[in-house]
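In case you want the letters, here they are:
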Amino acid sequence: MVGQEDAVQHEIHQDWVNREYTEVITNSIKKIVDSFDMSCGSRLATLNKKLTALERRIEYIEARVTKGETVT
């Protein structure tokens, strides 16, 4: 009976060790994903601003060409 209790306690202890390890890994992955998200979000925002500026410039040039003005 004592041997069974020791085995059960060992299994319970091992389960907690595994759960703690899983939690550490999960938290580490979350940190990596959050960092990646912030980095990409910032870069995409910058890229979006640049694309918007280019689109406006293209629209301006198209309007001038349509009117027959010289583009310089």
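Preceding this section is the structure that the text describes.
Predicted model only: the values in this text are computed from it and were never measured. (Residues numbered from 1 in each chain as written. Predicted model: local features only at pLDDT ≥ 70, side-chain atom pairs only at ≥ 80, totals over all residues. Heavy atoms only, no water.)

A. Inspection of the overall build of the protein at higher detail. Counting its regular elements, the protein contains 1 helix and 0 strands. At 30 Å, the protein has a C-alpha radius of gyration far larger than the 11 Å of a compact globule built from 72 residues. The principal-axis extents of the C-alpha atoms in the protein amount to approximately 100 × 15 × 10 Å. For the protein, the accessible area works out to roughly 6,900 Å², and carbon and sulfur atoms hold 60% of it. Both charge centroids of the protein, one from 10 positive and one from 12 negative side chains, sit 21 Å from each other. (Helix = DSSP H or I, 4+ residues; strand = E, 2+ residues; numbered from the N terminus. Rg over C-alpha atoms; globule rule 2.2 N^0.38 Å. Areas by Shrake-Rupley, 256 points an atom, 1.4 Å probe, with all protein chains shown as cover. Lys, Arg positive; Asp, Glu negative; His and termini not counted. Charge placed at Lys NZ, Arg CZ, Asp CG, Glu CD.)

B. Broad picture of the pattern of salt bridges. By the definition in use, this model includes 1 salt bridge. Asp-15 is paired through a salt bridge with Arg-19; the nearest N and O atoms lie 2.7 Å apart. In this pair, Asp-15 and Arg-19 are both assigned in helix α1 (residues 2-67), 4 residues apart and thus about one turn of the helix distant. Accessibility expressed as a relative area gives 33% for Asp-15, which makes it partly exposed. (Salt bridge = Lys/Arg side-chain N within 4 Å of Asp/Glu carboxyl O. Buried < 20%, exposed > 50% of the residue type's maximum accessible area, 1.4 Å probe, protein only.)

C. Structural view of the environment of Ser-42. For Ser-42, the position within the fold is in helix α1. By relative accessible area, which is 45% here, Ser-42 ends up partly exposed. C-alpha of Ser-42 to C-alpha of Ile-12: the two residues are 30 residues apart in sequence and 45 Å apart in space.

D. Summary view of a nonpolar patch on the surface. A grouping of Tyr-21, Ile-25, Ile-29 and Val-33 is seen on the molecular surface, where their side chains present a nonpolar patch of about 400 Å² in accessible area. Mapped onto the secondary structure, Val-33 falls in helix α1. Since its relative accessible area comes to 47%, Val-33 is described here as partly exposed. (Patch = residues over 30% accessible without salt bridge, like charges linked within 9 Å, V, L, I, M, F, W, Y side chains within 5 Å.)

E. Summary view of the environment of Thr-26. For Thr-26, the location among the structural elements is in helix α1. By relative accessible area, Thr-26 is classed as partly exposed at 34%. Considering only alpha carbons, one finds Thr-26 and Arg-64, 38 residues apart in sequence, at a separation of 56 Å. Engagement of the side chain of Thr-26 in a polar contact is seen with the backbone oxygen of Thr-22, the distance being 2.7 Å. (Polar contact = N/O pair within 3.5 Å; in protein donor to acceptor, adjacent residues only side chain to side chain.)

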